Amino acid sequence: MTIEKRREREIEEMRELILSAASSIISDEGIDKLSIRKIAKKIEYSPSIIYHYFNDKEEILNNVMQRGYKKIVSAVSSVELKNSSAEERLVEMTKNYIMAALEMPDKFMAAHLSKSEEALKHTSSLYKGAAKEKPALSFLFQCLKDIYKNQEIDEDTIELTAQVIAVSTLGLIMKIIIEKDIGEEQRKRLIDFYSKDIVLRIVKGNKID
């Protein structure tokens, strides 16, 4: 291995150490409690060292948030399109989103409960036009467009429907995380009922028979 390659690996390893520490602090204490000093203490380096790898706390937070959001987008976009109706895709998409969020409960809660500008860049989804800018919401929006393709429903209404489904799903996820002792069977029943019944009822409320 060349000196240059070794140096690149060392830089990447240090960045990973910093991001892992930041992620741990966010999970334990929340986004608002994250600081360069706390990260430095956790990895047992001086705060000045961290600035060799990241410009500031916001850049570190942005990297952590991007990783979490990519997992959500990956879960939503992984639904197979072949041999399934748009309604079936919506159900699977909803389940995948919930399960991905529940795999990182502390970070998910910390991100969505934070009012920091950096966090809101990733978690905001209720503003007009969000369906064109937020990848996860965009997948949901497109799925709804497929469901409504033979209906005279404008895109604003479809976006509003996507936003309502997204925020309703967020509420269920948070309650499942908070009430963590409900048991695996009840958790599965809630997720299945919500995905198959409640979400489709919201969708069908716009359809014209």
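Here we summarise the structure given alongside this text.

1. Quick notes on the pattern of salt bridges
Step number 1: According to the stated counting rule, one finds eleven salt bridges in the structure shown.
Step number 2: Glu155 is the salt-bridge partner of Lys145, the closest N and O atoms lying 3.0 Å from each other. Of the two residues, Lys145 sits in helix 9 (residues 135–147) while Glu155 sits in helix 10 (residues 155–178), which places them ten residues apart along the sequence.
Step number 3: Judged by its relative accessible area of 28%, Lys145 is partly exposed.
Step number 4: The closest approach of N and O atoms between Glu179 and Lys175, which form a salt bridge, is 2.8 Å.
Step number 5: Using a relative accessible area of 40% as the deciding quantity, one classes Glu179 as partly exposed.
Step number 6: The exposure class assigned to Lys175 is partly exposed, which follows from its relative accessible area of 44%.
Step number 7: Salt bridges sharing common partners tie together Lys95, Lys188 and Asp192.

2. Topic: the layout of surface pockets
Step number 1: Computed from the structure, the largest pocket encloses a volume of approximately 790 Å³.
Step number 2: What lines the largest pocket is a set of 38 residues, and nearest its centre among them are Tyr69, Ile72, Tyr97, Phe108 and His112.
Step number 3: For the lining of the largest pocket, the secondary-structure elements that each account for two or more residues are helix 1 (3–29), helix 4 (57–77), helix 5 (86–102), helix 6 (105–113), helix 7 (117–123), helix 9 and helix 10.
Step number 4: At eight residues, helix 4 tops the list of elements feeding residues into the lining of the largest pocket.
Step number 5: Here the lining of the largest pocket is composed, by residue class, of 23 nonpolar, eleven polar and four charged.

3. Here's the deal with the nonpolar core
Step number 1: Ranked by size, the top nonpolar core spans 41 residues in total, and within it Ile72, Leu90, Phe108, Leu140, Leu144 and Ile173 carry the most contacts.
Step number 2: Elements with a contribution of two residues or more to this core: helix 4, helix 5, helix 6, helix 8 (130–133), helix 9, helix 10 and helix 11 (184–204).
Step number 3: If you look at the next biggest cluster of nonpolar residues, it comprises 23 residues, including Ala21, Ile25, Ile43 and Ala111.

4. So, the side chain of Ser23
Step number 1: Structurally, the position occupied by Ser23 is in helix 1.
Step number 2: Those residues in contact with Ser23 that sit more than four places away from it in its chain are Val64 and Lys107.

5. So, the packing of helix 5 against helix 10
Step number 1: Helix 10 packs onto helix 5 with a crossing angle of 40 degrees between their chain directions and a minimal axis gap of 10 Å. Taken together, the axes of helix 5 and helix 10 are oblique relative to one another. Of the two elements, helix 5 crosses helix 10, and the hand of that crossing is right-handed. Facing helix 5, whose interface residues are Thr94, Tyr97, Ile98, Ala101 and Leu102, helix 10 presents Thr169, Leu172, Ile173, Ile176 and Ile177.
Step number 2: Across the contact of helix 5 with helix 10, the residue classes tally to eight nonpolar, two polar and no charged.

6. Notes on helix 5
Step number 1: Over its 17 residues, helix 5 extends 24 Å from the first C-alpha to the last, a length consistent with the 24 Å expected when each residue adds 1.5 Å.
Step number 2: For helix 5, the tally of buried residues reaches twelve of 17 residues, placing the bulk of the element in the interior.
Step number 3: For helix 5, the set of buried residues is Ala86, Arg89, Leu90, Val91, Met93, Thr94, Lys95, Tyr97, Ile98, Ala100, Ala101 and Leu102.

7. Considering the packing of helix 4 against helix 9
Step number 1: For the pair helix 4 and helix 9, interaxial distance at closest approach is 8 Å and the crossing angle is 15 degrees. In terms of orientation, helix 4 lies roughly parallel with respect to helix 9. When the axes of helix 4 and helix 9 are compared, the crossing they make is left-handed. When helix 4 is examined against helix 9, the residues Tyr69, Ile72, Val73, Val76 and Ser77 are found in contact with a partner set consisting of Pro135, Ala136, Leu137 and Phe139.
Step number 2: Residues belonging to the contact of helix 4 with helix 9 are distributed by class as follows: eight nonpolar, one polar and no charged.

Thresholds, definitions, all that
Residues numbered from 1 in each chain as written. Predicted model: local features only at pLDDT ≥ 70, side-chain atom pairs only at ≥ 80, totals over all residues. Heavy atoms only, no water. Salt bridge = Lys/Arg side-chain N within 4 Å of Asp/Glu carboxyl O. Helix = DSSP H or I, 4+ residues; strand = E, 2+ residues; numbered from the N terminus. Buried < 20%, exposed > 50% of the residue type's maximum accessible area, 1.4 Å probe, protein only. 1 Å grid on protein atoms, 1.4 Å probe; cavity = no way out; pocket = protein on both sides within 12 Å on 5 of 7 lines; lining within 4 Å. Points joined across faces, edges and corners; volume = space filled by probe spheres on them. Nonpolar A, V, L, I, M, F, W, Y, C, P; charged D, E, K, R; others polar. Core = buried A, V, L, I, M, F, W, Y, C linked by side-chain atoms within 4.5 Å. Contact = heavy atoms within 4.5 Å. Axes fitted to C-alpha atoms, helices over the stretch in contact; angles between N-to-C directions. Parallel < 35°, antiparallel > 145°, perpendicular 65-115°, else oblique. Left-handed = near helix turned anticlockwise from the far one by under 90°. Expected span 1.5 Å × (residues − 1).

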